Structures are given as C-alpha cells and as structure tokens.
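Residues per chain are reported as follows:
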2 protein chains.
Amino acid sequence: MRYRNRPDLVLMASESEEGGAAAGVFTRNRFCAAPVEICRERLGKGSIRAVVVNAGIANACTGAEGLELARGMTRTVASQLGVREEAVLVASTGIIGQQVRLEPVEKAMPGLVASLRPDGWEDAARGIMTTDTVPKMSWTRVEIDGRTVTVGGIAKGAGMIAPDMATLLAFVCTDARVEPRVLQHWLKQGADQSFNAITIDGDTSTNDTLLALASGAAANSILSEAETADSRRFGRALSEVLLDLAIQIVVDGEGATKLIHIRVTGAPDPLSARQVALTIANSPLVKTAFFGGDANWGRIVAAAGRSGVELLPERVALYFDDLCVFQGGTPVQGAGVEEEATQVFSRKEIHVTMDLGMGPAEFSAHTCDFSYDYVKINADYRT
Amino acid sequence: MRYRNRPDLVLMASESEEGGAAAGVFTRNRFCAAPVEICRERLGKGSIRAVVVNAGIANACTGAEGLELARGMTRTVASQLGVREEAVLVASTGIIGQQVRLEPVEKAMPGLVASLRPDGWEDAARGIMTTDTVPKMSWTRVEIDGRTVTVGGIAKGAGMIAPDMATLLAFVCTDARVEPRVLQHWLKQGADQSFNAITIDGDTSTNDTLLALASGAAANSILSEAETADSRRFGRALSEVLLDLAIQIVVDGEGATKLIHIRVTGAPDPLSARQVALTIANSPLVKTAFFGGDANWGRIVAAAGRSGVELLPERVALYFDDLCVFQGGTPVQGAGVEEEATQVFSRKEIHVTMDLGMGPAEFSAHTCDFSYDYVKINADYRT
C-alpha cells in the first residue's frame, strides 16, 4: 500500500463457517475516517468473518470516493474468501487526505488468503505498525464452563495518538462463544479503563478503532448475559489484554522516557475521578516535569484545580508512590520529603495517587513524559 | 522579597482622596492563592486605594497562615498610606507552597510610598516580572464626555501560564469616572476576548489576577450604564489595552518563536466558536507543526473534530491567511496549494481561519508554537 520494505496490509479471518460475534469502539472525532463509517454500519448486522487493515494511508478526509474505496477493499476480501461483503470490516492508518488504491489490495489478496495461519500474530502486529518502534501483542487464557478460552490481541499506537500517521488500532480475537451485545458490553467497559485511560498528548485520531472478534470455537455454552460469573471472568480476561496493549502503546509513545500512572481516588463519582486524572495526565507542565525528574507537586495540584471538578483543596492528598507530599491544602513539611520525592521521580515507572477525600470513586490514567524528542518527531513529521 | 538584583515589590496607589472604582477577574483554579481570596473578598465593598504586588513567592497552597500574611501585606500598605486595610488589594506570583515574609514588606514600604510617581509604569512592569524576558505595557486615550480619558496597564505573563513561577498578572488603571459594576462589565468582556483567549500550554495558575482601577480624575460625568455610546467607547479602549497586553504575553511565551491567531467563524454560538478555537490552539500536535513550519491542515482539522462541538465535516472550510486548504470534507487540490501553505507557515505571525458553516458566531484565540525550548525551560525549571 505504501511502505517499501515491509508488509503493510493485514488480513484476519475466522475459520468458523458461521462466522462470529463482533464488537467495536471507535474514535469520537467528528472527522472520522471512511473505514470507521463502514465498521459502524456493519456491526450488529450479522456475523463478521474477516477484517482487512492497511497501514500508510488513513482514508480520512477523502469524501464519498474514500467511502467507496473502503467498501472496495472489503469487497475484494469477500470475493476471495467467498463471504458476504457485509461480513468484512476494514481499518486504515496513515496519511490523511489521500485516497487508497485498490489495485495493490486486489493484487495482494490471493497471497494473503493463502498465507492465513493461526500463528501469524506477530506478522500481523508488525503489518499494522506506522511510527511504532515495536510490535504490540498480548494474550491470556481463562476457564469458562470447563473450556479453556483464549483472548489475544494486537495493537498499534504509534508514537502518538495523532491524526495523520499515528492512529490507535487494536484487534482482539477470542475463541469464546459470546453474544455480540455481551462482547460489546465487556469491550466498552475494558476500553474505558485501558485505551480510553491512556494519553500521550491529548490529541485523538480520525481513525481510532478497537475491534473484538469472537469465533465461538471454544464451544463453551454461549455467554448471553453480562452479569454471570463466567461472563465476568471473560470480561476480566478481555480487560487484562486491553490494558496490557494500552500500556505498551504508552511505553512506545513518541519521545517517551517514562511510564506514569495517575490514580485518582476518593472522588464523588467515576466521571470526576476520570476528569481529574486525565487533566493531570495531559498537562504539558506536568509531563515536562516528569521528563526533567522534577518532583513538582505544585504542577499536579494546579492541573487538578483546573479540571473543572469542584475539589475541596483542604481535603486533597497527593502521594508519589507511598510518600505523601501534599495534604490539608499545604505541602508536607519534614526532613527528606523533597529528597525522597526526587528519588521516586528518577524511576522509569512512577505511581502518582491523588485522593480527593470526597467519595468512593476512582480512576487510573496512564501516560508518558514529554521530551525533546516529542517536539522533534512532531515538528519534523511530514518533511 | 526574593530576587537579589532587581525590585520585586510594587505599589500602585490612587491620588484621589475618595479612592476609586475597582473590578477584577481571577483564576478559576480551585487551588487559588491567598491574595486572590483577599481580592475577591474586598472587591465590591467600598473604594480601592492601592494594590501591592510581589514577585517571587506566590502565597498559594499556604493555608490559613498564608491568608493572614496576605492580609498583613495589605495592613502594612494601609498604615503607611493612612487608608482602610480593606481599601488595599494584593497580588503575588512565584513559588507555591512557601510562606511570604512580612519583614521585607514592612522595611520597604516607606521607600515605596515615597517613590510613588505618575510615570513609574515601566519600573512597575519590571517589578512584577518572573520568567518574562521583557516588561509589558500598553496604553490608549479616548474622548469621553469632552474629556480625555487614559487607559493604561502592565502585565506579566511569563514564559507560560503556569502554576509555580509564572502567573498571569495584569493591572489596568484609568482616570475615567465609572461605576464599579460598569467597570466590571467591560473588564469581564475585554478579558474574555484577550486574557481568556490566549493559551500557551493550556495550564492555568493558582494566582491569575486581572485588576482594573479607575480613579475618576478625568472628571467626566460618571459612566453608570454599560450600554451608552460613551460607555461603549470606554469599553473598547479598555479591550484594546487588554488585548495588546495579552498578545505581548503570548509573544513572550516560553520557547515561543511564532505568534498564531486561530479564528473560528460560522459557529452556531460564541461558546462553540471558543471551544473549537481553544482546542486547536492548545493541541500539542498543532503547535509542534507550527514550530516545524509544517502546514499540516490534518492536525488542525482533527483537533477541531475532537473539540466536543457537533461539527458537520462537509461544511467546514480551513484557511491559512486567505488560502483555502480544506473544504467540503476533503483537501483542496490544485497546483501550488501545498507550496503556498508552506510559505504562510514560514512567517513569524500566522493567521488561521476555520469556518464551520453553521451560524453567525465567531471567536479568535491567540497562541504560540511549541518548541524544544518549551520542554527545556519546563523540564529544568526548579533545578
């Protein structure tokens, strides 16, 4: 499609004749790409047999022609696999405002179909990369109804969560038998705590796509309700894979040198917890302080203060790992607090906890620091 | 107070015996500094005679002791000037979490009072600086009721709009006779189009303070209604000074190499226009593209798309100066578009206009680019 020295077109297909359940979570950007529109259209309308993904051209801001080309990609797959066109989903990542070409897709398809194999995951993970420096994979197993169910996935983050060459794409597959709406329930819940809890620079893509496909090959009795013990066990396994993939994306963030977990506890409700955590996680001042190894609690407190949540400053406590640095509206005095805080900030992985002292809700966000390289990569990107 | 080689304590006082009208706009950060609380308490409760400002220590996150020390600063001024304590306002900027000391204020006060003079503005502008590289001043004159009225002000921005050493402070003085609530009306309106329309990194301070003081010495018949011709003329003069000061702050933004105006037109309402403009202006991806001179319309469009405003992508048009680069949901094709766009992006001052095609409202935001120096300054700040 675009890259010269490596594969950039990936096909995933289900062996199961009757196809399987599928679910999806997509970008909320108003300028969404053509493939996202196709996926939204087709999910919930019959089983899904395959997904085709290309890296290099995003097929976003491409109008009616782009939509027709995205449909054309799925049609090519459908005719090769002998399935309905509507049973094929599509995802793209890359340059926006440029049209894909169907010819290379048509030319590659027989070879792609012939090379489909159960252990092709690492190749697939590499095939969807753009500015990622490493392929991202994760899997786990769980017992359901006496059967071993596998949940595994691949993702690309990119340097960043960005619009023009750095979409977040993730595909999770499982052999569980599960109703589409139960799959959607757990996918949404898992995404909220993983892909929707990470931030590199606060920007979102036109193409962000998270798909889950369930073949049913494990032959467990079908998960048709969200709130059963088996279903919850499946949901936890799915969440685990999603969070692992999401963290891999942050660690590979453009210019990232540190992994930072921002946990907000004691919030009046989950949305407030999320809002405070993401405001801190997105603050350029906070992120440059992490890069500099500067245990600058003032920037974290000030970011929380502008989050829009009606905090009560005198109830807020801030911890770097287990070290309390701020409480009762003032910094914690004492010998060694500053030194110990600096010590925490020198690590590669840092846990920050802010307790709001207002209620039972909490949320964890995951981010990276803001380095010279972030500016370098993004100032020079297209040139 | 803190700096060794330059003044960092400033006193402004009105010659008028009966004092004058005052108005204020303050940070919305929940962790607001003690001086902000004092100002909020005293505005609207009688005339204001003086303002004392210190640079170096923010008196934020300092609890009840900090509040008492801020009161102490105003008490010292009041006793030297022979006015009520409540007629004195206070503003601070600098390190947060540290207490101010009253002793240097008490020691300096007789000298400050003795050196009060009408042409001390530049010294005052220098005295409130922290990481600013140049003092910021602006003034204008306007005829009201046959009298010449002067509006002049000083500001400090700082490298950035940041919590620990880089508050936004601005003080505008006028000899107009104006009712406090009319002054507040025009100050709020002017601030919304100036200090609340600029962004360097989206972070806000615990100490941000904008005060307007009107002595009445021009002896015009008092402006007691907002919606008269004279009053509007006064409002425009005030807005002009505020916008000029705000732009000076952006130009002196930490690491800034370019001044960028983001104008959003055709919005369904002013709030939507503002939200789209500020989302674009705050996007690290957009700002690094400006730094790199990369006319990356995709990042601007994608930032607008995640602003939360329900845009209709096919109605959106994007202009770099007068050059249309995106319209009808797709990039504008044509010879030379890319070259001309790159040409625009190589300038020191760049005008970006996005027309939403949805209504009559508009908003202009003003920002700077995101450079290596931004990261350097903020990663190394406290060390």
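Now for a description of the structure that goes with this document. Along each chain, numbering runs from 1 in the same order as the chain's sequence is written. Chain letters and ligand numbers both follow the written order, the letters beginning at A and the numbers at 1. pLDDT decides what is reported in this predicted model: residues at 70 or higher carry local features, side-chain atom pairs at 80 or more are listed and counted, and totals for whole chains, interfaces and linings draw on all residues regardless.

**Re helix H8 (residues 284-292) of chain A**
All names here are of chain A.
So, point 1. Most of H8 sits inside the fold, with 9 of its 9 residues counted as buried.
So, point 2. All of the buried residues along H8 are Pro284, Leu285, Val286, Lys287, Thr288, Ala289, Phe290, Phe291 and Gly292.
So, point 3. Looking one or two places after H8, you find Gly293, whose phi comes out positive at around 70°. Three exposure classes are used, based on other C-beta atoms lying within 10 Å of a residue's own C-beta, which is placed from the backbone: buried for 20 or more, exposed for 12 or fewer, and partly exposed in between. Put simply, DSSP marks the helices as runs of H or I at least four residues long and the strands as runs of E at least two long, and each gets a number from the N terminus on.

**Here we look at unusual backbone geometry**
Residues and elements named next belong to chain A.
So, point 1. Of note, the phi angle at Cys61 is positive, near 55°, even though the residue is not glycine.
So, point 2. The residue Cys61 is located in the loop between strand E3 (50-57) and helix H2 (63-81) in this model.
So, point 3. Classification of Cys61 as buried rests on a count of 28 C-beta atoms within 10 Å.
So, point 4. Of note, the phi angle at Asp321 is positive, near 55°, even though the residue is not glycine.

**Some remarks on helix H5 (residues 180-193) of chain A**
All names here are of chain A.
So, point 1. Under the convention used throughout, the expected extent of a helix is 1.5 Å for every residue step, that is, one less than its residue count. Taking 1.5 Å per residue, 14 residues should reach 20 Å; H5 reaches 20 Å between its end C-alpha atoms and fits that length.
So, point 2. Along H5, the residues that are buried comprise Val182, Leu183, Gln184, Trp186, Leu187, Gly190 and Ala191.
So, point 3. On its buried face, H5 is in contact with strand E2 (21-26), strand E9 (209-214) and helix H6 (229-251). Whether two residues are in contact is decided by their C-beta atoms, placed from the backbone, lying within 7 Å.

**Quick word on the sheet that holds strand E15 (residues 361-368) of chain B**
Hydrogen bonds along the backbone pair up the strands of a sheet, which may run parallel or antiparallel.
All names here are of chain B.
So, point 1. Any two strands between which DSSP finds at least two bridges are classified as paired. Read across the open sheet, the 7 strands follow the order E8-E15-E10-E14-E11-E12-E13; overall the sheet is mixed. A single partner strand is all that each edge strand has here, and the edge strands are strand E8 (198-199) and strand E13 (330-331).
So, point 2. Pairing of strand E10 (residues 259-267) with strand E14 (residues 349-355), which is carried by 7 bridges, proceeds in the parallel orientation. In the sheet register, Leu259 faces E14, and the bridge partner there is Glu349.
So, point 3. Sheet strands touched by helix H6 (residues 229-251): E8, E10 and E15. Its angle to E15, the strand with the most contacts, is close to 40°.
So, point 4. In the packing of helix H10 (residues 337-345) onto the sheet, contacts are made with strand E11 (317-320), strand E12 (323-327) and E14, and the angle to E12 comes to roughly 115°. What counts as an axis is a line fitted to C-alpha atoms, over the stretch in contact for a helix, and the angles between N-to-C directions run from 0 to 180 degrees.

**Details of the packing of H5(A) against H6(A)**
Residues and elements named next belong to chain A.
So, point 1. Between H5 and H6, the least distance of the axes is 9 Å, while the angle of their chain directions is 40°. Considering their axes alone, H5 and H6 lie oblique with respect to each other. The chirality of how H5 crosses H6 is right-handed. For the pair formed by H5 and H6, the contact residues are Val182, Trp186, Leu187, Gln189, Gly190, Ala191 and Gln193 on the first element and Ser231, Phe234, Gly235, Leu238, Ser239, Leu242 and Leu243 on the second.
So, point 2. Partitioned by chemical class, the residues of the contact of H5 with H6 number 8 nonpolar, 6 polar and no charged. Angles are sorted into four bins: roughly parallel if under 35 degrees, roughly antiparallel if over 145, roughly perpendicular if 65 to 115, and oblique for all others. For any helix crossing, the convention is left-handed if the near helix is rotated counterclockwise from the far helix by under a right angle, and right-handed if that rotation is clockwise. Each residue is assigned to one of three groups, with Ala, Val, Leu, Ile, Met, Phe, Trp, Tyr, Cys and Pro labelled nonpolar, Asp, Glu, Lys and Arg labelled charged, and all others, Gly among them, labelled polar.

**Some remarks on the sheet that holds strand E9 (residues 209-214) of chain B**
Residues and elements named next belong to chain B.
So, point 1. Spatially, E2-E9-E7-E6-E5 is the arrangement adopted by the 5 strands of the open sheet, whose pairing is mixed. Each end of this open sheet is capped by a strand with a single partner; those strands are strand E2 (21-26) and strand E5 (136-144). The sheet shows a mean angle of 15° between the axes of neighbouring strands, taken without regard to direction.
So, point 2. Judged from the 9 bridges that link them, E5 and strand E6 (residues 147-156) form a sheet pairing that is antiparallel. Its bridge partner being in E6, Lys136 is matched across the sheet by Ala155.
So, point 3. Along the sheet, helix H1 (residues 34-42) makes contact with E2 and E9, crossing E2 at roughly 135°.
So, point 4. Most of the contacts of helix H5 (residues 180-192) go to E2, to which it runs at about 30°, and overall it touches E2 and E9.

**As for the pairing of strand E6 (residues 147-156) of chain A**
All names here are of chain A.
So, point 1. The antiparallel pairing of strand E5 (residues 136-144) with E6 creates a hairpin that spans 2 residues between the two strands, and Asp145 there sits at a positive phi of about 55°.
So, point 2. Relative to strand E7 (residues 169-174), E6 is paired through 6 bridges, and the arrangement is antiparallel. Within the sheet, the bridge partner assigned to Gly153 lies in E7 and is Val172.

**Notes on the nonpolar core**
So, point 1. We define the nonpolar core as any set of buried residues of the types Ala, Val, Leu, Ile, Met, Phe, Trp, Tyr and Cys, connected via C-beta atoms lying within 7 Å of each other. Membership of the largest hydrophobic core comes to 246 residues, with the highest contact counts inside it found for A:Val276, A:Ala277, B:Ala50, B:Phe234, B:Val276 and B:Ala277.
So, point 2. In this structure B:Ala277 touches B:Ile262, B:Val264, B:Phe363, B:Ser364 and B:Ala365, once residues within four positions along its chain are discounted.

**Considering the pairing of E2(B)**
Residues and elements named next belong to chain B.
So, point 1. Most of E2 sits out of view: 6 of its 6 residues are buried.
So, point 2. Side chains Ala21, Ala23 and Val25 project from E2 onto one buried face, and the interleaved Ala22, Gly24 and Phe26 project onto a second face that is buried too.
So, point 3. Pairing of E2 with E9 involves 6 bridges; the strand directions are antiparallel. By the bridge assignment for E9, Val25 is matched with Leu210.

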